[in-house]
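Letter by letter, the chains look like this.
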Amino acid sequence: MQKKEVDILVVGAGIIGTAVGAELSRRGAKVCVIDKGQVGKGCSYGNAGWMTPCFAMPLPMPGMLIKSMKWLLDPESPLYIKPSFSLDLASWLFQFMKAMNETQAKRAVDALVVLSQKSLTEYEKLGQKYPEIHFQQKGLLMVSQTKAGVAAAVEELNYVKNLGVPGKVLNSGDIQEMEPALKSPLLGGVYFSHEAMAEPYLVVQAFAKEIRAHGGEILEQCELKDLVISGDKVEKVLTSQGEIHAKQVVMATGSWSKSLARLMRLRVPVLGGKGYAMIVPPLEKQPQYPMMLVEKKIAITPRQNSLRIAGTLELVDQDFSITPQRVENIKKGAREFLHLPQELQVQELWAGLRPCTPDGVPLIGYHKNISNLMLALGHQMLGLQSGAGTGLLVSDLLEGKSPFVDLKVLDVNRF
Ligand SMILES: Cc1cc2nc3c(=O)[nH]c(=O)nc-3n(C[C@H](O)[C@H](O)[C@H](O)COP(=O)(O)OP(=O)(O)OC[C@H]3O[C@@H](n4cnc5c(N)ncnc54)[C@H](O)[C@@H]3O)c2cc1C
């Protein structure tokens, strides 16, 4: 049984935990990051790899009420909530609907754009130091076959353009010229020129290298079992590998966080937004740009020698099973836009649970009653794109600096 003493213990080694650990290590803190599994093998493993400040919308946007009721009933929809008699789900849905208002959405988008832009700058630097992450800033295309889809893309642009996210509206001809890999005719879309992509698992590995290079430590197969709280402080942390005494503890436990809420003495209503990603061989007409197929909510990411196709969001509680029908729906949707071969060879199929809070905004900041416990979790669909910025924010807070975003909207005590 080990006994350890560190300045800062980070629980969870996904993109959030490693980004936090890397930044704190660079700033000279003695950091230990633990994970019950392996570094980067949670939701951060196989996501679409997008670093796209243009996608800063929380899930519950105004006007979504009718749409979300329809999802409840349609297992074929790209966003699906399986009806069940769970109290947690009922309460999550109630708060989800409550969050669908303009004021909340605007505050959320403002904060998420800032976090994502800060992250983008950090990823550019990381890409220079670690070329293996394949950081590429080609921009991102949102393309659509329908009037409603084009309107949704333009609405996205209108939301973020005043926050410094440039984009331009494209017609059918513009899209065909930019991306000949797309089937025609498409109605239109939007091109966001500053957005980037990288290999998500390798980004986590790069942060892990940073942690170790700056004297930090990462313990794999080391599960948080209990937080021993005395007065207003975490006195020690009990893990499967022994006890750790830390001046500060940061929880970055993604979609597992709800099950740890009792230990944190806090309401942490995080459910899993299950999504799938498949890697397929490069297409004869291989796309050049990352693309969002708007009405299908499918993400296409060109890779060096393959293509990643990702999509669906199914609200679940720790269910990692793969539903073949939903995988087929993704293939079918992608086929409407791209020249996929009839027999599509799937080289790798992966499912991950996005950590989803009901109001679509992460929980970042200090616990109200436990003075050395901080949370950095619940990053829903944008944990990669806002991960490096979260690392900066958490480090600033731990150093007592003023936050660069509105902390109220991220308040960890709000539920
Ligand atoms: C299909 C799909 C596509 C996506 N595409 C994008 C995208 O393009 N861009 C983007 O920004 N986001 C994307 N996302 C979302 C993104 O993947 C997540 O927001 C992000 O990975 C969450 O990171 P995390 O570090 O919070 O969680 P995770 O990566 O899940 O890490 C949490 C870690 O905590 C550990 N842990 C849990 N409990 C304990 C415990 N008790 N003790 C120790 N360790 C513990 C787990 O083992 C895990 O490693 C996508 C998600 C999916 C599913």
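Parameters at a glance
Residues numbered from 1 in each chain as written. Predicted model: local features only at pLDDT ≥ 70, side-chain atom pairs only at ≥ 80, totals over all residues. Heavy atoms only, no water. Helix = DSSP H or I, 4+ residues; strand = E, 2+ residues; numbered from the N terminus. Rg over C-alpha atoms; globule rule 2.2 N^0.38 Å. Buried < 20%, exposed > 50% of the residue type's maximum accessible area, 1.4 Å probe, protein only. Near = heavy atom within 4 Å. Polar contact = N/O pair within 3.5 Å; in protein donor to acceptor, adjacent residues only side chain to side chain. Nonpolar A, V, L, I, M, F, W, Y, C, P; charged D, E, K, R; others polar. Axes fitted to C-alpha atoms, helices over the stretch in contact; angles between N-to-C directions. Parallel < 35°, antiparallel > 145°, perpendicular 65-115°, else oblique. Left-handed = near helix turned anticlockwise from the far one by under 90°. Contact = heavy atoms within 4.5 Å. Phe/Tyr/Trp six-rings, centres within 6.5 Å; stacked < 30°, edge-to-face > 60°. Lys NZ or Arg CZ within 6 Å of the ring centre and 35° of its normal. Core = buried A, V, L, I, M, F, W, Y, C linked by side-chain atoms within 4.5 Å. Pairing = 2+ DSSP bridges. Salt bridge = Lys/Arg side-chain N within 4 Å of Asp/Glu carboxyl O. Expected span 1.5 Å × (residues − 1). Arc of directions from axis to C-beta.

Participant: Could you clarify how one ought to interpret the overall build of the chain in this entry?
Facilitator: The helix and strand tally for the chain stands at eleven helices and 19 strands. Scaling as 2.2 N^0.38, a compact globule of 415 residues should have a C-alpha radius of gyration of about 22 Å, and the chain matches this with 21 Å. Expressed as lengths along the three principal axes of its C-alpha atoms, the size of the chain is roughly 65 × 45 × 40 Å. For the chain, the residues scored as buried account for 58% of the 415 residues in total.

Participant: Looking at this structure, how should I read the site of the ligand?
Facilitator: Residues in contact with the ligand amount to 36 residues; listed here are only the nearest, D35, S44, Q380, M381 and Q385. Separating an oxygen atom of the ligand from a backbone N or O atom of I15 is a distance of 3.3 Å. One of the backbone N or O atoms of Q385 is found 2.7 Å from an oxygen atom in the ligand. Of all the secondary structure elements, the ones that give two or more residues to the shell around the ligand are helix 1 (15-26), strand 13 (271-280) and strand 17 (348-356). No other element matches strand 17, which puts four residues into the shell around the ligand. Its residues assigned to classes, the shell around the ligand comprises 18 nonpolar, 14 polar and four charged.

Participant: What's the story with the packing of helix 1 against helix 10 (residues 387-398) in this structure? I'm lost.
Facilitator: The angle between the axes and the distance between the axes are what describe a pair of packed helices. Direction vectors running N to C along helix 1 and helix 10 enclose 50°, while the axes themselves pass 8 Å from each other. Comparing their axes, helix 10 and helix 1 come out oblique. For the pair helix 1 and helix 10, the crossing hand works out as right-handed. Only G387, A388, T390, G391, L392, V394, S395 and L398 of helix 10 make contact with helix 1, whose side of the interface consists of I15, I16, A19, V20, E23 and L24. Across the contact of helix 1 with helix 10, the residue classes break down as nine nonpolar, four polar and one charged.

Participant: What am I meant to see in the packing of aromatic side chains here?
Facilitator: Two measures describe an aromatic ring pair: the distance that separates the ring centres and the angle between the ring planes. As enumerated under the stated definition, the model contains seven aromatic pairs in all. Following the ring pairs from residue to residue traces out a cluster consisting of Y45, Y201 and W350. The cationic tip of K118 hangs over the ring face of F404; the distance from NZ or CZ to the ring centre is 4.7 Å.

Participant: I would appreciate a short explanation of the nonpolar core in the present structure.
Facilitator: Nonpolar side chains tend to gather and get buried jointly when the protein is soluble and globular. Counting residues in each nonpolar core, the largest one holds 47 residues, and the members touching the most others are M51, Y123, V203, F207 and V250. Elements supplying a minimum of two residues to this core: strand 1 (2-11), helix 1, strand 2 (31-34), helix 4 (102-129), helix 7 (200-213), strand 19 (373-377), helix 10 and helix 11 (407-410). In contact with F207, not counting residues within four places along its chain, are I15, T18, A19, A22, R26, Y123, L126 and A388. Listed in part, the 42 residues of the second largest apolar core include F55, M57, F96 and L382.

Participant: Is there a simple way to explain the pairing of strand 11 (residues 233-239) in this structure?
Facilitator: Sheet faces and side chains relate simply in a regular strand, where the side chains alternate between the two faces. Pairing analysis gives six bridges linking strand 10 (residues 224-230) to strand 11, with the strands arranged antiparallel. Across the sheet, residue L227 finds its bridge partner in strand 11, namely V237. Linking two consecutive strands that pair antiparallel, namely strand 10 and strand 11, is a turn of two residues; a positive phi of about 65° is found at G231 within it. Note: strand 11 against strand 12 (residues 242-251), three bridges, orientation antiparallel. Each residue of the ladder has a partner; that of L238, found in strand 12, is E243. Hairpin geometry of strand 11 and strand 12 is characterised by an intervening segment of two residues between the two adjacent antiparallel strands.

Participant: Looking at this structure, how should I read the pattern of salt bridges?
Facilitator: Oppositely charged side chains can form a pair if their charged atoms are brought close together. By the definition in use, this model includes 24 salt bridges. For the salt bridge of E23 with R26, the shortest nitrogen-to-oxygen distance reads 2.8 Å. One end of the pair, E23, and the other, R26, are both in helix 1, three residues apart, so they sit about a helical turn from each other. Look at E23 and you get buried, because its relative accessible area is 11%. Look at R26 and you get partly exposed, because its relative accessible area is 31%. Note that R414 is salt-bridged to D359, the shortest N-O span being 2.7 Å.

Participant: Any chance you could explain helix 3 (residues 87-98) here in plain terms?
Facilitator: The periodicity of an α-helix, 3.6 residues per turn, causes residues three or four places apart in sequence to face the same way. Between the first and last C-alpha of helix 3 there are 17 Å, a value that for twelve residues agrees with the 16 Å anticipated at 1.5 Å per step. If you check which residues of helix 3 are buried, you get L89, W92, L93, Q95 and F96. The buried residues of helix 3 occupy an angular sector of 165° when projected down its axis, which confines them to one face. Of the exposed residues in helix 3, those oriented more than 90 degrees away from the buried face are L87, F94 and K98. At the N-terminal end of helix 3, a side-chain oxygen is found 3.2 Å from the backbone nitrogen of D88, two or three residues along, and the residue is S86.

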